[in-house]
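The primary structure of each chain is shown beneath.
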Amino acid sequence: MSSNLRASANSDRRVILPLPGNEIFARRLVEAGRWELGALETRRFPDGETYVRVLSDVADRPVYLVCTLARPDDGFLRLVFAADAVRALGAREVALIAPYLSYMRQDRRFQLGEAITSKTFARLLSSSFDRLVTVDPHLHRYSALAELYTIPTLTLHAAPLLADWIAAEIERPLVIGPDEESEQWVSAIANRIGAPYAVLRKVRHGDRSVDVELPDLSQWKAHRPILIDDIASSGNTLIEVARKLIIHGFRRPVCAIVHAVFAEDSYERLKVHADRIVSTDSIPHESNAIRLAPLIAAAIASARTAQQNIIRHRSPPKPRDEIEQADVDSFPSSDPPPWTSGVE
């Protein structure tokens, strides 16, 4: 192979760049996609500000930053700084793989004066990235991410993975959805594995209070109930359903969840009523049992040709001055001066 062809092949190979806490997921993506694993250095200055340094050569390469966006407030600026640094170093494309996409549930103004944070967050991400890849975002009042995001988005679905896990692990399952809105999703899982399903009626009374009405499930008493939900945050819905199933004579259910947010002590409270809790690895958690990396890697690879022409092409960068050019030419740059040292 000629040197020109080798250079071209290398420039087309994606660099997968994990933010702190996403290293394991990134390694699985690299294994599934046969891409290159990049590296960042990040730390806190004594005053709480964030230091970010790109340790990989990203010039003229498509770069995919990997960062689940659960509890995003603490690390969002670090993510944006990393995206800007990668772009300044000449990356051809700067994309974000966010297995869990936050700030989707505040999709309207429920009380006078509230911020519609789903729109604000979408605007901030769209201003920093060329493309977004995510799994099962909480689309309630939005029909698609395109209603929020001004960049190309790739929305993937974990339902087939949950269905395959249930088929492999559970005998005689009864698939149960928490509310009417879940029926299409739950029925697809049940149909994939040839299992019966039921959908409950949920009434919320705020962030932490929920009522659930069970239909007549007596004909399925010999089955193992499997509670399916896209997000477990407060856990109150799953806890209430599990509690009522036990009262009605069912065995303790298995809970299968896409996004294991599990705020505060919700996981411990749910374990009291559930026989087993499993989730995808969209958010690192002890319940993780279903890997998303193969799904994401395959989707990115297959979408490459179709989406090449819909990347948002930004204005060409301004010519570098002598100092900026010296920084690029000397990559990797020397260690930062002593005054940059901070705390982890």
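Criteria and cut-off values
- Residues numbered from 1 in each chain as written.
- Predicted model: local features only at pLDDT ≥ 70, side-chain atom pairs only at ≥ 80, totals over all residues.
- Heavy atoms only, no water.
- Helix = DSSP H or I, 4+ residues; strand = E, 2+ residues; numbered from the N terminus.
- Buried < 20%, exposed > 50% of the residue type's maximum accessible area, 1.4 Å probe, protein only.
- Contact = heavy atoms within 4.5 Å.
- Areas by Shrake-Rupley, 256 points an atom, 1.4 Å probe, with all protein chains shown as cover.
- Phe/Tyr/Trp six-rings, centres within 6.5 Å; stacked < 30°, edge-to-face > 60°.
- Polar contact = N/O pair within 3.5 Å; in protein donor to acceptor, adjacent residues only side chain to side chain.
- Pairing = 2+ DSSP bridges.
- Axes fitted to C-alpha atoms, helices over the stretch in contact; angles between N-to-C directions.
- pLDDT = per-residue confidence, 0-100.

1. Some points on the overall build of the protein
- Counting secondary structure elements, the protein contains 10 helices and 16 strands.
- In the protein, buried positions account for 48% of the 344 residues.
- Partitioning the intrachain contacts of the protein with sequence separation of at least 6 by distance along the chain shows that 65% fall at a separation of at least 24.
- Carbon and sulfur atoms make up 50% of the accessible area of the protein, which amounts to about 17,600 Å² in all.

2. Description of unusual backbone geometry
- Located in the positive-phi region is Arg 71, a residue other than glycine, with phi close to 45°.
- Inspection of the secondary structure puts Arg 71 in the loop between β5 (62-66) and α3 (76-88).
- Take Arg 71: its relative accessible area is 52%, and that puts it in the exposed class.

3. Quick look at the packing of aromatic side chains
- This structure, assessed with the given rule, holds four aromatic pairs.
- Ring geometry for Phe 45 versus Tyr 51: centroids 6.0 Å apart, planes at 90°, classification edge-to-face. Each member of the pair, Phe 45 as well as Tyr 51, is classed as buried.
- On the basis of an interplanar angle of 45° and a centroid distance of 5.0 Å, the ring pair of Tyr 103 and Phe 121 is categorised as tilted. Here the residue Tyr 103 occupies a position in the loop between β6 (93-98) and α4 (117-126), and Phe 121 occupies one in helix α4, the gap between them amounting to 18 residues.

4. Quick look at the side chain of Ser 187
- Tracing the sequence through the fold places Ser 187 in helix α6 (residues 183-193).
- A polar side-chain atom of Ser 187 sits 2.9 Å from the main-chain carbonyl oxygen of Gln 184.

5. Some thoughts on the sheet that holds strand β8 (residues 153-156)
- Read across the sheet, six strands follow the order β2-β1-β5-β6-β7-β8 without closing on themselves; strand pairing throughout is parallel. With partners counted over all chains shown, the strands left at the sheet margins are β2 (36-37) and β8, one partner each.
- By the bridge criterion, four bridges tie β6 to strand β7 (residues 131-135) in an arrangement that is parallel. By the bridge assignment for β7, Leu 96 is matched with Leu 132.
- Running over the sheet, helix α2 (residues 23-33) touches β1 (15-18), β2, β5 and β6 and is turned about 165° from β1.

6. Comments concerning the sheet that holds strand β9 (residues 173-177)
- Pairing in this open sheet of six strands is parallel, and the strands run β10-β9-β13-β14-β15-β16 from one edge to the other. The strands lining the two open edges of the sheet, one partner per strand, are β10 (197-199) and β16 (288-290). Ignoring which end each strand starts from, the neighbouring axes of this sheet average 30° apart.
- Across the sheet, α6 lies against β9, β10, β13 (224-232) and β14 (254-260), angled at about 165° from β9, the strand it touches most.
- Strands in contact with helix α7 (residues 236-247) are β9, β13 and β14; relative to β13, the strand with the most contacts, it is inclined by about 170°.

7. Thoughts on the environment of Tyr 51
- Here Tyr 51 lies in strand β4 (residues 50-54).
- When its relative accessible area of 12% is taken as the criterion, Tyr 51 is described as buried.
- Distance in space between the C-alpha atoms of Tyr 51 and Phe 81 is 8.6 Å, their sequence separation being 30 residues.

8. Notes on the confidence of the model for the protein
- Confidence in the prediction of the protein, expressed as mean pLDDT, is 86, and 83% of residues score 70 or more.
- Taken together, the stretch residues 330-344 has pLDDT below 50 and engages in 25 contacts with residues farther than four places along the chain or on a different chain.

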